[in-house]
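# Secondary and tertiary structure notes
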Amino acid sequence: MRISVIGAGYVGLTTAACLAQIGHDVFCSESDGDKLHKLQNGIMPLFEPHLESVVADGRKSGRLAFGSTEEAIDSGQTIFICVGTPPLPNGDADLSAIEGVARAIAKRASGYRLVIEKSTVPVQTGSQLRKHLAVHNTKGLKYDVASNPEFLREGSAVEDFLHPDRIVVGVESRRAAELLREIYAPIVGQSFACPVHSDCRRLTDPVFLMTDTESAELIKHASNSFLAMKISFINMVANLCEVVGADVTKVAEGMGLDPRIGSAFLKPGIGFGGFCFPKDVQAFIRIAERSGCDFSLLKEVEKINQRRIHEFVEKVRKEVWVVRGKKIAVWGLAFKPNTDDVRFAPSIALVRALLDEGAIVSAYDPQATEKASAVLPNITYCANPYEAAIGADAVLIVTEWEEFRAIDWHRLATVVERQLIIDGRNVFEPTEITRHGFQYISIGRPSRSADGKDAKAEDSLASIEK
Ligand code: UDX
């Protein structure tokens with residue numbers, strides 16, 4: 001099918017490239033001239049594993065092209081809207097980009113269009129879209145509006161698109177339903193050349209869930225908010241574990257063995273970030289408040305998450321004593337591994353808090369330096385973790401990049417001022433670190449001094465388990 005995608009961000013570019021990958025002819029538009037120029041010349045404006053090769057394949061096969069919004073409106077009978085819906089100061093989602101696209105479609109398009117909202121939008125945006133298309137309809141356009149929320153995780157977006165657990169569509173007409181079934185048929189049947197897996201085992205049997213538009217819009221916000229709630233829950237429990245000397249890793253393991261709870265998203269840490277969870281929780285609360293519903297549960301989820309930064313700075317202060325003038329190394333700036341995205345990343349709030357206390361911060365991140373330096377100009381960016389750690393009074397692990405697990409502790413010991421690791425993502429087993437002479441502070445687990453003398457029950461537990 002000929003499909004248009006409007007917006008070439010993490011969601012739009014992944015959607016356009018993957019739809020081309022499964023056999024559709026896709027035209028993708030981007031309003032940012034610099035990004036569009038890069039895309040038209042085969043340069044990626046963002047980092048996402050596998051996406052560069054999928055985009056290149058699409059361009060080479062002629063199934064993926066880039067251009068203006070107007071060209072996109074003319075090109076495909078089906079138009080996916082994948083523009084940003086960032087949070088406004090009061091927490092509402094900013095829908096101005098969506099409204100602008102709707103108006104452009106209504107004024108320009110004729111014949112029939114299926115307009116699909118893929119951006120994460122508040123419930124009832126679909127009915128607003130219908131109203132807006134009608135108001136500005138100047139060429140007798142016939143149209144349907146559908147909701148097709150994305151469940152892509154940054155760092156695994158291509159895989160999540162091609163091997164989803166579920167495809168959710170909210171439709172109000174049979175024609176829209178049939179078009180969406182046709183678009184996603186190769187994914188439902190898992191019948192396409194997979195760019196990620198060589199043998200492409202049946203990783204998932206995607207469920208194609210058809211609902212009304214409002215329910216589809218709510219599934220997205222409710223799912224993200226539930227996942228965020230799991231994270232804040234385990235972070236709340238982690239704080240108690242630190243006081244009573246329990247190990248939150250064991251607590252999460254024990255909880256996760258109950259299939260009704262599940263082990264996913266029970267990793268304690270410095271909190272959730274990214275362009276989805278923080279804004280989706282905020283938007284969901286605002287939607288509920290405007291509808292007169294009490295979502296104070298989610299307000300607590302948000303408060304717990306916001307407190308994580310303050311609690312982590314407390315850990316630093318407790319160990320280094322006076323933060324002012326201390327050299328702090330920050331390992332990891334992206335909001336999670338395998339992405340270069342620093343939007344709403346805990347690292348940004350953490351570094352700002354450390355700078356406010358007069359710390360001298362140097363940082364290393366495998367991918368996010370460029371994007372981080374745009375928002376944090378006054379810290380030192382280093383080419384590797386050891387350079388960041390030169391003269392450091394403490395090394396803080398903020399993003400659990402795989403490469404940090406392979407640190408050369410002897411080399412690190414020669415460059416730091418003090419052998420102290422404060423781990424915001426529980427990357428290591430405590431004994432792994434103390435064995436190398438480092439003091440190790442982490443989340444929700446007993447702290448360990450360098451000599452490992454204060455062997456907790458856990459060590460004896462470890463010996464018992466052997
Ligand atoms: C999320 C949802 O997972 C995805 O389904 C939705 O489409 C978009 O939002 P994403 O924001 O890319 O995806 O990342 P995710 O892997 O969900 O992590 C979000 C944040 O939660 C990260 O900051 C991560 O570090 C944190 N996190 C995640 C935890 O702190 N603990 C966990 O156990 C899992």
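Structure first, text after, so check above.
Residues numbered from 1 in each chain as written. Predicted model: local features only at pLDDT ≥ 70, side-chain atom pairs only at ≥ 80, totals over all residues. Heavy atoms only, no water.

### So, the environment of leucine 88
Rules: Under the scheme used here, helices are H or I runs from DSSP no shorter than 4 residues and strands are E runs no shorter than 2 residues, and both carry numbers assigned from the N terminus. Contacts were defined at the residue level, with two residues in contact if any of their heavy atoms lie within 4.5 Å.
When you line up the elements, leucine 88 lands in the loop between strand E4 (78-81) and helix H5 (96-108). Distance from leucine 88 to glutamine 282, taken between C-alpha atoms, is 9.8 Å for residues 194 residues apart in sequence. Once residues lying within four places of it in the same chain are set aside, the contact partners of leucine 88 are Ala93, Asp94 and Gln282.

### Notes on helix H12 (residues 296-320)
Along an α-helix, a turn takes 3.6 residues, which lines up residues three or four apart on a common side. Rule in force here: Multiplying 1.5 Å by the residue count of a helix minus one yields the expected span of that helix. The bend reported for a residue corresponds to the angle between axes fitted to the seven residues ending at that residue and the seven starting there.
Across its 25 residues, H12 extends 36 Å between first and last C-alpha, which sits within 8% of the 36 Å expected from 1.5 Å per residue. The axis of H12 is deflected most strongly, by about 30°, at arginine 308. Just downstream of H12 lies tryptophan 321, where phi reads positive at about 70°.

### Here we look at the site of the ligand
Stated precisely, the cut-off is as follows: One heavy atom within 4 Å of a molecule or strand is enough for the residue carrying it to be called near that molecule or strand. Any N or O atom pair separated by 3.5 Å or less is treated as a polar contact, with the protein-specific requirement of one donor-capable and one acceptor-capable atom, and with residues adjacent in sequence counted only for side-chain atom pairs. Method for areas: the Shrake-Rupley scheme with a 1.4 Å probe, in which residue coverage is limited to the protein chains shown.
The immediate surroundings of the ligand are formed by 19 residues, with Leu152, Glu154, Lys220, Lys267 and Lys336 found nearest. Note that an oxygen atom of the ligand is positioned 2.9 Å from one of the backbone N or O atoms of leucine 152. The separation between an oxygen atom of the ligand and a polar side-chain atom of lysine 336 is 2.8 Å. When the ligand is considered free in solution it has 660 Å² of accessible area, and contact with the protein chains removes 94% of it.

### A look at helix H1 (residues 10-21)
Defined as follows: Summary of the burial criterion: residues with accessible area below 20% of their type's maximum are buried, those above 50% are exposed, and those between are partly exposed, where the area comes from a 1.4 Å probe applied to protein chains only.
An ideal rise of 1.5 Å per residue puts 16 Å on twelve residues; H1 measures up with 16 Å between its terminal C-alpha atoms. Turning to H1, its buried residues number three or more, namely Tyr10, Val11, Gly12, Leu13, Thr14, Thr15, Ala16, Ala17, Cys18, Leu19, Ala20 and Gln21. Looking one or two residues past H1, glycine 23 carries a phi angle of roughly 115°, positive in sign.

### Things to note about the sheet that holds strand E9 (residues 327-331)
In any sheet, the strands associate via hydrogen bonds between backbone groups, in a parallel or an antiparallel arrangement. As a reminder of what qualifies: Here a strand pair is declared whenever DSSP counts at least two bridges between the two strands. To define axes, lines are fitted to C-alpha atoms, for helices over the stretch in contact only, and angles between the resulting N-to-C directions are given on a 0 to 180 degree scale.
Spatially, the six strands line up as an open sheet ordered E11-E10-E9-E12-E13-E14, and their pairing is parallel. A single partner strand is all that each edge strand has here, and the edge strands are strand E11 (380-381) and strand E14 (439-441). Pairing analysis gives three bridges linking strand E13 (residues 420-423) to E14, with the strands arranged parallel. Residue pairing across strands places isoleucine 421 opposite tyrosine 440, the latter belonging to E14. Packing against the sheet, H12 makes contact with E9, strand E12 (394-397), E13 and E14, and its axis sits at approximately 165° to E13.

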